[in-house]
Amino acid sequence: MKSTWDRLNVDIALLAVAFVWGSSYLVAKDLTTVMSVPAVLGWRFLVASAALGALWLLRVRRIPGRAEVWTGVLLGLTQAAVLFLETFGVAHTQASNAGLVISLTVIFTPLLDSLASRRWLPPSFFIAATVSVVGVALLVTGGGFRTPTVGDALMLGAAAVRAGHVTLMGALTANKPYSSITVTLIQSAICALVGIAFNPAEILGSAAHFSSSIWLNLAYLGLACSVFAFLVQLWAVRRTSASRASLLMGTEPVWAVLVGVGLAGETLGWLGVLGATLIVAGCYAGQKIEAHFRAARGARAGAVTPTQMVQVSNS
C-alpha cells in the first residue's frame, strides 16, 4: 500500500508539472509580443532565481560540493537549450504543429533511457507512447498538416534536447545526496545568465516599461512554471524513471488546450475530445506497463544476493 501511495503522489506531482507548463504557452505568447525571447527567459529566471535563493537560505544554507555544482550547471545548460528552442520554435510555427512535435519527447526519452540503462522497455510501452502521440495529433491538428517550417525543426530539436535533459537529470541525481533546492537554484541561475547574455541592454531597460500584468505574467512563469515545476520534476524523477516521468508530462498539450478553451475561448471539436481521450489512455497504459517492468526488474535484481536486496530496498 505504501509503495502504491508513493507512486500515486509522484504521478500527481508530474501531472501538476504538465498542467503549469501547458498553461505557460498562453502566458509566454503574451510576453513575446512586448519583448524578445531572450528577455522573456532572462526575466523569468531572474524571478525564479530570486525565489530559489530565498528558499535556499531558509532551508539549506549548505555550500554545495563540486559534483553538485557541475550537475546544476549541466542541467541548467540543457534546460536553457530546451526553452530557447521551444520558445523560438513556437514563434515560427503554428501552435498545433508545435504541440505535436514537442510531444515526440515521450518517444525519444524511453529510447535514451533504455540506451543509457541497456535494458529495453517492452514493446507494449512504445505502443502506448505512440497512442499518446496519435492523440496529440488529433488534439492539436484540426486543419491538417502543412509544409514543415524552421519553427517545426526547432520544436523537433527541443523535443530531442528535452528527452536528453530528463534522462540526464535521472542519471546525474539518482541515489545522490544532492539538495533539490540547490541543484534547481544553480540550474535557474544558469538559465538566467544565458538569457541575459543574449541581450543585456534589453534586460536592464525593459523593466521600466513593465505594466502590472507583465509582472504578473513573469511571476507566474518564474514561480509556478520554473520554481515549482523544476523542484517537483527533480523530486519526482529521483523517485521514478525518466520514461515514466516523460509519459506523464506528455499530457502537457492536453492542459494547454484546456486552458485555451477555458481562458482564451478556443473551441475543441470531436477530434480534439478523441485525441485527449487517447492521450489519457496511452499515458495510463504506459505508466502501468512501465511500473510492472521496473517491479519485475527489481525483483530479479533482489533475487541475486541478499546484499543486492538490501541495496534495492534502501534506494
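Above this text you will find the structure in question.
Model, not experiment: these values are computed from the prediction.

Conventions and cut-offs
- The residue numbering used here restarts from 1 in each chain and proceeds along that chain's sequence as written.
- Per-residue local features of the predicted model are confined to residues with pLDDT of at least 70, and side-chain atom pairs are confined, for both listing and counting, to 80 or more; whole-chain, interface and lining totals are unaffected and use all residues.
- Side-chain calculation: all heavy atoms of the structure are included, whereas hydrogens and water are not.
- Going along the chain from the N terminus, every DSSP run of H or I of four or more residues is numbered as a helix, and every run of E of two or more is numbered as a strand.
- Burial classification: accessible surface area is computed with a 1.4 Å probe over protein chains only, and a residue below 20% of its type maximum counts as buried, one above 50% as exposed, and the rest as partly exposed.
- What counts as an axis is a line fitted to C-alpha atoms, over the stretch in contact for a helix, and the angles between N-to-C directions run from 0 to 180 degrees.
- Angle categories are assigned with fixed cut-offs, so that under 35 degrees is roughly parallel, over 145 is roughly antiparallel, 65 to 115 is roughly perpendicular, and the rest are oblique.
- Handedness of a crossing is defined here by the sense of rotation of the near helix relative to the far one, left-handed for an anticlockwise turn of less than a right angle and right-handed for a clockwise turn.
- By definition, residues are in contact when any of their heavy atoms lie within 4.5 Å.
- Under this grouping Gly is polar, as are all residues other than the nonpolar Ala, Val, Leu, Ile, Met, Phe, Trp, Tyr, Cys and Pro and the charged Asp, Glu, Lys and Arg.
- Centre distance within 6.5 Å is the pairing criterion for rings of Phe, Tyr and Trp, where only the six-membered ring of Trp is used; planes under 30 degrees apart are then read as stacked, over 60 as edge-to-face, and the remainder as tilted.
- A carboxyl oxygen of Asp or Glu within 4 Å of a side-chain nitrogen of Lys or Arg is what we treat as a salt bridge.
- Here, the term nonpolar core denotes a set of buried Ala, Val, Leu, Ile, Met, Phe, Trp, Tyr and Cys residues that are joined through side-chain atoms within 4.5 Å.
- Within this scheme a cavity is a closed region of a 1 Å grid, computed over the protein atoms alone, that accommodates a 1.4 Å probe without allowing it to escape, whereas a pocket is open but has protein on both sides within 12 Å along at least five of seven lines; lining residues each have an atom within 4 Å of a point.
- Grid points are joined across faces, edges and corners, and a volume is the space filled by probe spheres set on the points.

Caption draft 1: Region of the structure containing unusual backbone geometry. A positive phi angle is found at R61, which is not glycine, with a value near 50°. Along the chain, R61 turns up in the loop between α2 (37–59) and α3 (66–91). Taking relative accessible area as the criterion, R61 reaches 62% and is therefore assigned exposed.

Caption draft 2: Summary view of the packing of α2 against α3. The interhelical angle for the contact between α2 and α3, taken along N-to-C directions, is 135°, at an axis separation of 10 Å. Regarding the angle of α2 to α3, the classification is oblique. Handedness of the crossing formed by α2 with α3: right-handed. Here V37, P38, L41, R44 and F45 of α2 lie close against α3, whose contacting residues are L83, F84, T87 and F88. Counted by class, the contact of α2 with α3 contains 7 nonpolar, 1 polar and 1 charged residues.

Caption draft 3: Molecular detail of the side chain of S49. Secondary-structure assignment places S49 in helix α2. With near-sequence residues (within four places) excluded, S49 lies in contact with L185, S188, A189 and A192.

Caption draft 4: Inspection of the packing of aromatic side chains at higher detail. Evaluated as defined, the whole model comprises 7 aromatic pairs. A centroid spacing of 5.0 Å and a plane angle of 80° characterise the contact between F210 and W215, whose relative ring orientation is edge-to-face. Cluster of aromatic residues (ring-pair linked, three or more members): W43, F210 and W215.

Caption draft 5: Expanded view of the side chain of T184. Positionally, T184 belongs in helix α8 (residues 180–198). Owing to a relative accessible area of 0%, T184 belongs among the buried residues under this scheme. Excluding residues that lie within four positions of it along the chain, T184 makes contacts with L52, F230, L231 and L234.

Caption draft 6: Structural context of the pattern of salt bridges. With the rule as written, the count across this model stands at 2 salt bridges. In this structure, E68 and R62 form a salt bridge, with 3.4 Å as the shortest nitrogen-oxygen distance. For R62, a relative accessible area of 34% translates into the label partly exposed. Between R162 and E86 there is a salt bridge; the shortest N-O distance is 2.6 Å. One end of the pair, R162, is in helix α7 (residues 150–173); the other, E86, is in helix α3, with 76 residues separating them in the sequence.

Caption draft 7: Just the nonpolar core, in detail. Grouped together as the largest cluster of nonpolar side chains are 48 residues, with contacts concentrated most on L14, W21, L31, M35, F45 and M249. It is helix α10 (residues 212–237) that contributes the most residues to this core, 12 residues altogether. Residues in contact with W21, not counting those within four places in the same chain, are R44, C225, A229, F230, Q233, M249 and E252. V106, I107, L121 and F125 belong to the second-largest nonpolar core, a separate cluster that totals 10 residues.

Caption draft 8: Focus on empty space enclosed by the protein. Under the criterion given, the structure shown has 2 cavities of 30 Å³ or more. In this structure, the largest cavity encloses a volume near 90 Å³. Forming the boundary of the largest cavity are W21, I102, S103, T105, V106, R162, S246, M249, G250, E252 and P253. Among the secondary structure elements, those contributing two or more residues to the lining of the largest cavity are α5 (105–117), α11 (242–249) and α12 (252–263). Each residue belonging to the lining of the largest cavity can be placed in one class, and the counts come to 5 nonpolar, 4 polar and 2 charged.

Caption draft 9: Layout of the environment of L138. Checked against the element boundaries, L138 lands in helix α6 (residues 123–140). With 137 residues separating them in the primary sequence, L138 and G275 have C-alpha atoms 4.7 Å apart.

Caption draft 10: Spotlight on the packing of α3 against α7. At a minimum axis separation of 8 Å, α3 and α7 run at an interaxial angle of 160°. Judged by the angle between their axes, α3 and α7 are roughly antiparallel. α3 and α7 meet at a crossing whose hand is left-handed. Residue-level inspection shows T71, L74, L75, T78, Q79, A81, V82, L85, E86, F88, G89 and V90 of α3 in contact with α7, the latter providing G151, L154, M155, G157, A158, V161, R162, H165, L168, M169, L172 and T173.

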